[in-house]
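# Working through the structure, step by step
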Amino acid sequence: MSLLRPFSWPLSLPPLLSTALNVGVAIGGYTMAIPFYEPGIPGPMIGTWFSRFFRPGFISVMVLGITTLVTGFRAWRGLQPAASRHAALGLLFTFMHFGFGPLKLHEFSNNGRRPNHTHKPMGIIRLEIFYTGHVIDLNPDSSSTALAMGRLISTKEIVKHNIPEDLWIVVDDNVYDMTEFAPQHPGGAEIIHGYAGRDATQSYSAVHAPSLIQTTLPSSAYLGTLDTSSLTTDWVKPPPPVSASLSPSKRPPLDSLINTYDFVSSARISLTPKTWAFYSSAATDLHTKHRNTSAYTDIGLRPRALINVKNVSTKTSVLGSRMDMPIFCAPAAMARMVYPEGERALAQGCRKKGIPQCVSTNASFPIAEIFSAVSQPGYYGDEPGELPVWFQLYVDKQREKSEALLRHVEKLGVKAIFVTVDAPVPGKREADERVKADEGLSTPMSGATAKNDSKGGALGRIMGGFIDASLAWSDIPWLRRITKLPIVLKGIQNFMDAKKAMELGIEGIVLSNHGGRSLDTAPPPILVLLEIQRNCPEVLDKMEVMLDGGVMRGTDIFKALCLGAKAVGIGRGFLYALNYGEEGVRKYVDSELTFAIVLRDPTNSHSVLKDELETTMRMMGITDLSQVHPGFLNTKAVDHLIPDGGDDHPYAKWRPRSLI
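Below or above, wherever it landed, is the structure these notes cover.

## Here's the deal with the overall build of the protein chain
- A tally of regular secondary structure across the protein chain gives 27 helices and 24 strands.
- Counting all 660 residues of the protein chain, 52% fall into the buried class.
- For the protein chain, the accessible surface area stands at approximately 30,600 Å², while carbon and sulfur atoms represent 58% of it.

Here it is as structure tokens:
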């Protein structure tokens, strides 16, 4: 009990009550000092609460404070019991720290250039009661504590700090000092300077994950909370944007869309010019982009008749992951350009429809935040379970960054790594080059940033500079050392590379030409699948073979499965569906898959892709995906396009004798 026995007050009080009064004096002195320090500046939440009660009794509080000082002095002189001396000194120090500390807050920062009104103790409040010589630290250096305890700052105060040497901005009603950070901003200081002394929330949120500013800036950069009562129309008005804003009012209602082409048309008229240019563009003359789709129409179907197809199943599995349909959300960069929740909304839609999501290195959100969007217990498709997340990797020139990223995603629970091999350098996408990029755009995992130059503003080019063009087959052992996850090579475009991947023990490949965005006149993936069938069909038995590019109908999915693909990836389509948020993603999946397989059932609630695939299956006379085979197809219209043999041309034998 000696530790709880404080020094004696002039009145005869029980020890515990005496201790409570001492602590009350300390807190009261602290909270009362704040309103007298600078009018209009509230203290921490606890301070504001206490001040409501202590303000009328300020004189009595100060009397208690003087009593504390007197009794502390008596304790120091030995007039109080020795056992209480530690308590007296501790409370005296506490009173001085909390009672007079706020008077010292008007300090200078940035080498004395300007006053800093930051409430200094807010992140490192310490209740220094030396009963036993210990310091009780209330969540020291906690950014959340700092945010909770910041002072209110008016717009009148914020607009004063609008020059590069003294620069404040507001994001999500929090006020930050960006003076030191702006010159280091990966997207350049100009975008931050444009919002100096203003609210940058809209511009920031369009391209950044919400948590990025809190995790990037030091806690000292946080100044306080915006006083919303001080808002004015002129202050809220943002600077002119680089490109026109999203126009959701132009979108047709979601329930009016009946196929994937409708989603494309809606995106064309409602996305910003830059967003549309980035996602719809392809390499040079767009031949490969168009042939990716048209190649499917050159392959005919051979339906069977008089088969009971009342019940059909589209379920399958790839890389150990159960799938309600043989499609997956292919990796695509910066989905937040389409919809604020970006890849998080894609994840939620994919989970509800029972299909995996492959997350891009250039996603708008850190992958941990994408996982958090689907972390709650629930259903994956029609059964309880978690969303299978695959991760697409662009190997960084600084290999240690890729190593750290792979270890991170593996710990989070990623199921497979998709290494992109068809884009050692970005392709020339002229439509994207013609529209200027918003230079504040950046991606949290790759660190890539947008910056216009003399060539134009293509995001793929200006943000792809980190990609390692030296990646080679000899790096496969390096990848194996970093991760134990299955490795899939994404971007195989001929049977020779498919065969080599098989020989090296790669678990899977994706036949892809990057949606026609890398090299124009490269072969459509469906024809590469035929090339594998002709030259090395054993690949289909020893690896998981998938493809992406040009898939627009349930019949396209069916044809790919008949030729040996386990699943197909869809990239642009999901981004266009994301124009309607998670609901759009779910309708996109439902709609198309079933139309290709099944006679429309009025009791069937599905709408686009799932409807098309099920319709196709029924029309073709099968009830399960295990029944597909090449005999369902007529490929004669494209057979002459399928190469025989290896590297050699069938008749041109010329070789250069020297460098050309």
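## Description of the nonpolar core
- Residues F391, F418, I509, I526, M546, L547 and F574 are the most contacted members of the largest nonpolar core, which totals 123 residues.
- If one sorts the elements of this core by residue count, helix α21 (residues 525-535) sits on top with 6 residues.
- Those residues in contact with L547 that sit more than four places away from it in its chain are Y296, V510, L511, P525, I526, L529, A560, A565, A567, V568 and G569.
- Ranked by size, the runner-up nonpolar core spans 17 residues in total, among them V171, F181, A196 and A221.

## Topic: helix α14 (residues 342-353)
- The first and last C-alpha atoms of α14 sit 17 Å apart over 12 residues, in line with the 16 Å expected at 1.5 Å per residue.
- Burial analysis of α14 places 10 of its 12 residues in the buried class, the great majority of the element.

## Digging into the packing of aromatic side chains
- All chains considered together, the criterion is met by 11 aromatic pairs.
- Each ring, one from Y176 and one from Y222, has its centre 6.0 Å from the other, and the planes form 70°; the classification is edge-to-face. Here the residue Y176 occupies a position in strand β8 (residues 174-177), and Y222 occupies one in strand β10 (residues 222-226), the gap between them amounting to 46 residues. Pair check on accessibility: Y176 and Y222 agree, each one buried.
- A ring pair is formed by W390 and F418, whose centres lie 5.1 Å apart and whose planes are at 15°; its orientation type is stacked. Note that W390 is positioned in strand β18 (residues 389-393) and F418 in strand β19 (residues 416-420), a separation of 28 residues in sequence. For the pair formed by W390 and F418, the shared burial category is buried.
- Members of the aromatic cluster, connected to one another through ring pairs, are F263, F574, Y580 and Y588.
- Just above the ring of F365 sits the side chain of R344; from NZ or CZ to the centre is 5.9 Å.
- The ring centre of W478 lies 4.6 Å from the NZ or CZ of R399, which sits over that ring.

## Comments concerning the packing of helix α23 (residues 554-562) against helix α26 (residues 609-620)
- Two numbers describe how α23 lies on α26: the axes approach to 7 Å, and their chain directions differ by 60°. It follows from the interaxial angle that α23 and α26 lie oblique. Note that α23 runs across α26; the crossing there is right-handed. Taken together, the residues of α26 that come into contact with α23 (itself represented by G554, T555, I557 and F558) are L609, E612, L613, T616, M617 and M620.

## Thoughts on the environment of A189
- One can find A189 in the loop between β8 and α7 (190-193).
- The buried category is assigned to A189, whose relative accessible area is 15%.
- Not counting residues up to four positions away in its chain, the partners in contact with A189 are A182 and P183.

## Examining the pairing of strand β23 (residues 567-570)
- The alternating pattern of β23 places A567 and G569 and V568 and I570 on opposite faces, both of which are buried.
- Bridging between strand β14 (residues 327-329) and β23 involves 3 bridges; their strand directions are parallel. Each residue of the ladder has a partner; that of C329, found in β23, is I570.
- In terms of strand pairing, strand β22 (residues 544-548) meets β23 through 3 bridges, oriented parallel.

## Points about the pattern of salt bridges
- In the structure shown here, the tally under the stated rule is 19 salt bridges.
- Residues K274 and D432 are paired through a salt bridge, measuring 2.6 Å at the closest nitrogen-oxygen approach. Residue K274 is found in helix α12 (residues 273-280), and its partner D432 is found in helix α17 (residues 430-433); the two are separated by 158 residues along the sequence.
- For K274, a relative accessible area of 3% puts it in the buried group.
- We note a salt bridge from E341 to R344, for which the minimum N-O separation is 2.8 Å.

## Section: the state of the cysteines
- Counted according to the given criterion, the structure contains 0 disulfides.
- No disulfide involves C358; its sulfur sits 8.3 Å from that of C329, the nearest cysteine.
- Using a relative accessible area of 3% as the deciding quantity, one classes C358 as buried.

## A closer look at the environment of V425
- Mapped onto the elements of the fold, V425 is located in the loop between β19 and α17.
- In the structure, V425 is positioned 40 residues away from G465 in sequence and 7.9 Å away in space, judged by C-alpha atoms.

## Brief notes about the pairing of strand β21 (residues 508-511)
- In β21, alternate side chains face the same way, and those of G508 and V510 on one face and I509 and L511 on the other are all buried.
- Pairing between strand β20 (residues 487-492) and β21: 4 bridges, direction parallel. Residue V488 lies in a different strand from β21, and its bridge partner there is G508.
- Bridge analysis of β21 against β22 gives 4 bridges, and the strand direction is parallel. In the strand pairing of β22, V510 is matched with M546.

## Observations concerning helix α20 (residues 495-503)
- For α20, the full list of buried residues reads F495, A498, A501 and M502. One face of α20 carries all of its buried residues, which in axial projection span an arc of 120°.
- Lining the buried residues of α20 we find β20, β21, α21 and α22 (539-542).
- Among the residues of α20, the N-terminal cap falls to N494, whose side-chain oxygen and the backbone nitrogen of M496 are separated by 3.0 Å.
- A positive backbone phi angle near 80° is found at G505, which sits one or two residues after α20.

What counts, and where the lines are drawn
- Residues numbered from 1 in each chain as written.
- Predicted model: local features only at pLDDT ≥ 70, side-chain atom pairs only at ≥ 80, totals over all residues.
- Heavy atoms only, no water.
- Helix = DSSP H or I, 4+ residues; strand = E, 2+ residues; numbered from the N terminus.
- Buried < 20%, exposed > 50% of the residue type's maximum accessible area, 1.4 Å probe, protein only.
- Areas by Shrake-Rupley, 256 points an atom, 1.4 Å probe, with all protein chains shown as cover.
- Core = buried A, V, L, I, M, F, W, Y, C linked by side-chain atoms within 4.5 Å.
- Contact = heavy atoms within 4.5 Å.
- Expected span 1.5 Å × (residues − 1).
- Phe/Tyr/Trp six-rings, centres within 6.5 Å; stacked < 30°, edge-to-face > 60°.
- Lys NZ or Arg CZ within 6 Å of the ring centre and 35° of its normal.
- Axes fitted to C-alpha atoms, helices over the stretch in contact; angles between N-to-C directions.
- Parallel < 35°, antiparallel > 145°, perpendicular 65-115°, else oblique.
- Left-handed = near helix turned anticlockwise from the far one by under 90°.
- Pairing = 2+ DSSP bridges.
- Salt bridge = Lys/Arg side-chain N within 4 Å of Asp/Glu carboxyl O.
- Disulfide = S-S within 2.5 Å.
- Arc of directions from axis to C-beta.
- Polar contact = N/O pair within 3.5 Å; in protein donor to acceptor, adjacent residues only side chain to side chain.

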